[in-house]
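In case you want the letters, here they are:
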Amino acid sequence: MLAFIVSLVLVILASLLQITNFLLIGGIKSNLLVALFATLAHLDKNWIRRAILVFSSAFILKFTPYLTWVDLIYVSTAFFIFALVDYLPWKRLVNSLAAGITGTLILSFSFFHLKTFALETLMNVILVIVFFVFLEIFYEGKKTAKKNRF
Amino acid sequence: MRKYVSIGALVILGVLFVWNGFVFEKKLSVSSFLGNLVDIDSIDVAELKTRIGTLEKENERLKAELLGEGDDAINSIKVYSSHPFNSRSEIAIAAGGDKGISVGDTAVYAGTVLVGRVKSVFESSSIVTTIFDPSWEMAVRIGNAEVDALLKGGNELKIYLIPHDTLIEEGDAVVSADKSFPYGLELGYVKQIGNTEGDVFKEAVLEPVLQLKNIRNVGIYR
């Protein structure tokens, strides 16, 4: 339960930061949520708790009072990231990286610009690696590694 | 029991996700507060100098308005937050229908720098599409020769359709010349010119005056 509460706090903070200009580097925003979901997917396999994380962030990130396609794409992408991490057959870090890159690609799809996508992907990959290292140090170090579902 | 609590929380979040009109503006102000909190140490001296410059400019303009030379503008509206993803460049501002803002109004920074156009208006907040949005297009004029061209938005602002036989130089000022906006709003300077022999038109890269990262307040021209 503690892991879930920590995850929820991190997701809420990341979502609030995501809608500020603080993350802008050279006019490009990294996607903290994509990186966070790609890492937190290893922590909790319960889909109800995952859904709470996804909808908490979606509620904060919503840029209009009503529902738009961007919101639906974001929620679907978040669930897809969790599923990719679960079902990809590679090592855990590689799964997270692949899920993070795929999530970035889907969210960039409506206005695809190669240079922007490449830079955002690079930032997100670095974030995934940093989050993964933190996860290994603070949480997974105390547990035995779980095998991949394949 | 824990399972039912989780499902209950999920249902509430689902409802908030579909419709969050009643907490929308409060949510934006919380993120604005957090943004200011984390950003306070990242401001360097150069940025502060730029800010002082723009504030001095704004001060002059406000003085002029107080003396009766003002126009139909709303000044100093707080910027709440910006769109979370790179696929769009939009900002939420703390004024809406209650201040008479309507869709299509022009958002400016320091009175003379074009920020963008109001896209949607709510009771006490509005969404502004900025010049950095990938879908942004507008007519501009370059330099003292007032050469007509087309500006396209995105992470890197580009100017297209510059007639090949016209003389423009790096550093030339670029201003708005679109019928949707007041004429002559500042956009930036020509940074780099792409010249291809034999082409009818040439292209250029714009160095924008506006830095979204530093923007805290905007004004609205109606």
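Definitions and cut-offs
Residues numbered from 1 in each chain as written. Chains lettered and ligands numbered in written order. Predicted model: local features only at pLDDT ≥ 70, side-chain atom pairs only at ≥ 80, totals over all residues. Heavy atoms only, no water. Helix = DSSP H or I, 4+ residues; strand = E, 2+ residues; numbered from the N terminus. Rg over C-alpha atoms; globule rule 2.2 N^0.38 Å. Buried < 20%, exposed > 50% of the residue type's maximum accessible area, 1.4 Å probe, protein only. Contact = heavy atoms within 4.5 Å. Areas by Shrake-Rupley, 256 points an atom, 1.4 Å probe, with all protein chains shown as cover. Lys, Arg positive; Asp, Glu negative; His and termini not counted. Charge placed at Lys NZ, Arg CZ, Asp CG, Glu CD. Buried area = accessible area lost by both parts, 1.4 Å probe. Salt bridge = Lys/Arg side-chain N within 4 Å of Asp/Glu carboxyl O. Polar contact = N/O pair within 3.5 Å; in protein donor to acceptor, adjacent residues only side chain to side chain. Nonpolar A, V, L, I, M, F, W, Y, C, P; charged D, E, K, R; others polar. pLDDT = per-residue confidence, 0-100.

1. Considering the overall build of chain A
Regarding its fold elements, chain A presents six helices and two strands. Walking chain A from its N terminus toward its C terminus, one meets helices and strands in the order α-β-β-α-α-α-α-α. By the compact-globule yardstick of 15 Å for 150 residues, chain A fits well, its C-alpha radius of gyration being 15 Å. Considering only C-alpha atoms, chain A reaches an extent of 40 × 30 × 25 Å along its principal axes. The burial tally for chain A puts 52% of its 150 residues in the buried class. Residue pairs at least 24 apart in sequence account for 70% of intrachain contacts in chain A once pairs closer than 6 positions are excluded. For chain A, the exposed area adds up to about 7100 Å²; of that, 78% sits on carbon and sulfur atoms. Positive and negative side-chain charges in chain A, numbering 13 and 6 respectively, have mean positions lying 4 Å apart.

2. Looking at the interface of chain B and chain A
Contacts between chain B and chain A engage 41 residues on the former and 41 residues on the latter. Across the chain B/chain A interface, buried area totals approximately 3900 Å², and carbon plus sulfur atoms make up 71% of it. A per-residue breakdown of the area chain B buries against chain A is headed by Phe17, Phe85 and Asn86 of chain B, which together make up 20% of the total. On inspection of chain B and its partner chain A, the count reaches zero salt bridges. If you look at where chain B meets chain A, you find eight residue pairs in polar contact (both at pLDDT 80 or more). Among the secondary structure elements, those contributing two or more residues to the side of chain B that touches chain A are α1 (2-18), α2 (24-39), β1 (73-82) and β2 (90-93) of chain B. Here the side of chain B that touches chain A is composed, by residue class, of 22 nonpolar, 12 polar and seven charged.

3. Concerning the side chain of Ser56 of chain A
Here Ser56 of chain A is to be found in helix α3 (residues 47-61). Setting aside anything within four residues of it in sequence, one finds Ser56 of chain A in contact with Leu8 of chain A together with Leu13 of chain B.

4. Topic: the confidence of the model for chain A
Detailed reading of predicted coordinates is not advised where the pLDDT is low. For chain A, per-residue confidence averages 86 on the pLDDT scale, and residues scoring 70 or more make up 93% of the total. For chain A, per-element mean pLDDT is lowest for strand β1 (residues 24-25) of chain A, which scores 82, and highest for helix α2 (residues 32-40) of chain A, which scores 93.

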